[in-house]
2 protein chains.
Amino acid sequence: MEKERNFSEWFDRVLLEAEVLDTRYPVKGFTVYRGWGYRIVRAVARILEEKLEERGHEPMLFPVVIPEDAFKREAEHIRGFEAEVFWITRGGDTELPRKLLLRPTSETAIYPLFKYWIRSHADLPLKMHQTVTIYRYETKATRPLYRAREFLWNEAHTAHATPEDAERQVREGVEIYDQVFQRLGLSYLILRRPDFDKFAGAVYSIAFDAWNPDGKVNQIGTVHNLGDNFAKAFEITYEDESGDQRLVHQTCYGMGLGRVLACIIAQHGDDHGLVLPPEVAPIQVVIVPIPYKGYEEKLKDYCSEVLKVIQGGGLRVLLDDSEKMRPGEKFYHWEMFGVPVRVEAGPKEVEGRLVTLVRRDTLERVRVPLDETVQRIWALFDEIMENLRRRSRKALEERVSEALNLEELRRGIEERKIVKVNWCGDQDCALKIKEEVGGEVRGYRYDVEEEPSGPCIICGKAAEKIVYVSRTY
Amino acid sequence: MEKERNFSEWFDRVLLEAEVLDTRYPVKGFTVYRGWGYRIVRAVARILEEKLEERGHEPMLFPVVIPEDAFKREAEHIRGFEAEVFWITRGGDTELPRKLLLRPTSETAIYPLFKYWIRSHADLPLKMHQTVTIYRYETKATRPLYRAREFLWNEAHTAHATPEDAERQVREGVEIYDQVFQRLGLSYLILRRPDFDKFAGAVYSIAFDAWNPDGKVNQIGTVHNLGDNFAKAFEITYEDESGDQRLVHQTCYGMGLGRVLACIIAQHGDDHGLVLPPEVAPIQVVIVPIPYKGYEEKLKDYCSEVLKVIQGGGLRVLLDDSEKMRPGEKFYHWEMFGVPVRVEAGPKEVEGRLVTLVRRDTLERVRVPLDETVQRIWALFDEIMENLRRRSRKALEERVSEALNLEELRRGIEERKIVKVNWCGDQDCALKIKEEVGGEVRGYRYDVEEEPSGPCIICGKAAEKIVYVSRTY
């Protein structure tokens, strides 16, 4: 199994063997989250939800259906999504009087209610979020977790009295996402998308583009400043302190939870399978007894004791004492599932009241006294996260290159790099890049100021920005 | 606001004022969960999910769409649901080659995958659950939380090697639901439905019918023994220990989370608004300062201290120090939201290092020392739950009556009772009851053996069962 050499095959095999997804659901683009995969993605969702709620976003749940007329109120938005919505036209035997669509995103479901909830400046800012599935009738090839027709995400929507407050909210959104991704040890570029690639209806869009072993970036989150575009379309106004009616300013941000899961798998995984951040691992520690003739009873008692000790440390732990597999097979099995720490106990451990700890990320082993086990496992978790974070950051750095001409750019893209180039800001030049090298202009750094180092790589005119070019999902 | 005299109006007002739901979503039968309501229902879902997972149900997530051919594989099932499914017929501009429907329940989505996952007896029992929204194109009048076209529920599905193990699983399902409902202080009858009213495709169905102030019972959960009906339709077989292929035996159970929320509101609420079980209250304790001239600074400091003490006790607490409302208005506000305990602090409390605790269920007040506050609040929570449970049980007992003839039955139904009658087991007699009195035969007790006390109330023949008759949502 060769993650680097054949990422696509490796990824499919991990999804199947680690029981992340089942792709055999009989509708194209729709897949099933199995127990292990769903527990991971649920843990990610809960980290995000907690952070959003700490920062004042109320959890809500809006309907999956949107009426056609609401969907069509914002002109740019409808142009951006119309080609890829699923339409519900019938209920039972009856033609529906008004067609409904499955939400491809929820602006047009949520904002008609914002209109009711917002009366005065005292109602602002209004901040909400929901974790839901969304639906896009993708015509491109679908790919489990990366590009599906149904996908699990969290979306937040906010409304503000002033453009300044909406700007501040954009920064807060970026910060929250950054914190969640950092907790998971992921690496990515935070890019402001070029205008021609912004969210349909937005003033501007910021995206988190994560590196992927196959060289296509994986957009795991986006944050949008909507200005008053939707406020105009949905007539969302408030009474300001002097009694005037004003339009609100809005932001929204979405995190693709399936794509974050893909990113965890792709960035941290290795040829043995998943490597999970301990915080989102359904099982954090697995105990594998190493049987030895004459030690059966003692070993059994000792492993029960080890289990109790580790449970007492607040860890999610499993004692795998089944007799269906040999210890070596169990190692292989739980490595595939990405369990962060394996605890081995055999005769030597029993005699010395020790355990052997094996960390999943490096497979390094260390033998420690039983009464230090809990503390050592927690310390190992920190080390594992530090290592995953460092490895992922290094991989990103190695993947970013620069190009001063089309030839260098082409070579970079072929080598699965994310390539920095000087760009004049003209959409034609971006299209030319796509035609010539297959990579897309993803945008310029949001968090770092970068000055162009030369003229536009295509037209030779003065460059406006350094932009990042790569293939993409 | 009069819960007993005009339940329907009271209920709508609580939904709106306590920010449980917003019913103004512009599609009939679809409503929006607002922050307060969503937090409650999410807490209920998590209690259930935890219990299911403790008992070995793996959390999963299946697609919302089901292909027409899978849906039509089990003959009874399709007959039961066909009239009320939403059909997706188009994607973008294209007519879909195969129609899809929104799940009205997920048997026909899940069982094709069970076929892949089950090979041998070692794969059994297989137990999974998911918390999702389901869709039914109701032609009857819709009612928020009670009867909607989209509703939030949790469904569990299991497969077993033997009929006996499926029977055992039915009992486990009933036990889990019973435990969850007891934690919430709810009262209900556990009834085995008459054959003509069982789940489409089941061998038999058990339901939890909760009392409701308006006399219509609220079905908050159902547990079904599916026998091998779906196993036959979906060809789900396993290899037994002697190498033979055998059909699995299945069960499934669903809890309507929106209906459980309705039940919490309806059974525990009072004329002041919601009364929430502390475990699912988004805010468990609210601190309201009682200002007094000259005490402003001291009170502020003291309330901050009280807040810290209560937070330190692991409680979800809010200090409501806003100046927009007077204390009396705050009392009214947080009573509407059902916050279990209010903490008042004024000059006397500051001087004596005391707080006044007011419990929501009885509005009784008690003054306690600050350093006993946390412990007293936890004790109050227990008392509140005991009181809610007792009150609800008493209400159920008072609502159940008996009838030996049609006239008594009619009077009972008019008086909003759940009425016990002797029944011969014949569907015609049940239909006659419905025609004559508007109540439905809901079934006989599952958890208690009850012997008929006379002949069938309709035909006068020997009675088979004592059944419960009531109006219903």
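Residues numbered from 1 in each chain as written. Chains lettered and ligands numbered in written order. Predicted model: local features only at pLDDT ≥ 70, side-chain atom pairs only at ≥ 80, totals over all residues.

1. Focus: the interface of chain A and chain B
Then, in step 1: Each partner contributes residues to the interface: chain A has 42 residues there, and chain B has 43 residues.
Then, in step 2: Elements with a contribution of two residues or more to the side of chain A that touches chain B: β2 (32-33), α2 (35-54), β3 (58-59), β4 (65-67), β5 (86-91), α5 (107-117), β7 (126-135) and β8 (150-160) of chain A.
Then, in step 3: Per-element accounting of the side of chain A that touches chain B gives the leading share, 6 residues, to β5 of chain A.
Then, in step 4: A breakdown of the residues in the side of chain A that touches chain B according to their chemical character gives 28 nonpolar, 5 polar and 9 charged.
Then, in step 5: Both β5 of chain A and strand β5 (residues 86-91) of chain B contribute to a ladder of 5 bridges, which runs antiparallel. From the neighbouring strand, G91 of chain A faces β5 of chain B, where its bridge partner is F86 of chain B. (Contact = placed C-beta atoms within 7 Å. Helix = DSSP H or I, 4+ residues; strand = E, 2+ residues; numbered from the N terminus. Nonpolar A, V, L, I, M, F, W, Y, C, P; charged D, E, K, R; others polar. Pairing = 2+ DSSP bridges.)

2. Some details on the relation of the copies chain A and chain B
Then, in step 1: Least-squares fitting of chain A to chain B yields an RMSD of 0.0 Å, with the superposition described by an axial translation of 0.0 Å and a rotation of 180°. Both chain copies can therefore be described as sitting about a two-fold axis. By C-alpha distance to the rotation axis, the residue of chain A lying nearest is I88 of chain A, at 2.1 Å.
Then, in step 2: Interface overlap between copies is the fraction of interface residues in one copy that are interface residues in the other; for chain A against chain B it reaches 100%, indicating a shared surface. (Least-squares fit on C-alpha atoms with pLDDT ≥ 70 in both.)

3. Some remarks on the sheet that holds strand β4 (residues 65-67) of chain B
Then, in step 1: Reading across the sheet, the 6 strands line up as β4(A)-β6(A)-β5(A)-β5(B)-β6(B)-β4(B) and stay open at both edges, with antiparallel pairing between neighbours. Each edge of the open sheet carries a strand with a single partner, namely β4 of chain A together with β4 of chain B. The sheet shows a mean angle of 45° between the axes of neighbouring strands, direction not considered.
Then, in step 2: Of the strand pairs in this sheet, β4 of chain B and strand β6 (residues 94-102) of chain B are connected by 3 bridges, and their pairing is antiparallel. Bridging across to β6 of chain B, P67 of chain B finds its partner in L100 of chain B. (Axes fitted to C-alpha atoms, helices over the stretch in contact; angles between N-to-C directions.)

4. A word on the confidence of the model for chain A
Then, in step 1: In this model, chain A carries a mean pLDDT of 96, and residues with pLDDT of at least 70 account for 100%.
Then, in step 2: Both scores are available for the predicted complex, with the pTM at 0.97 and the ipTM at 0.96. (pLDDT = per-residue confidence, 0-100.)

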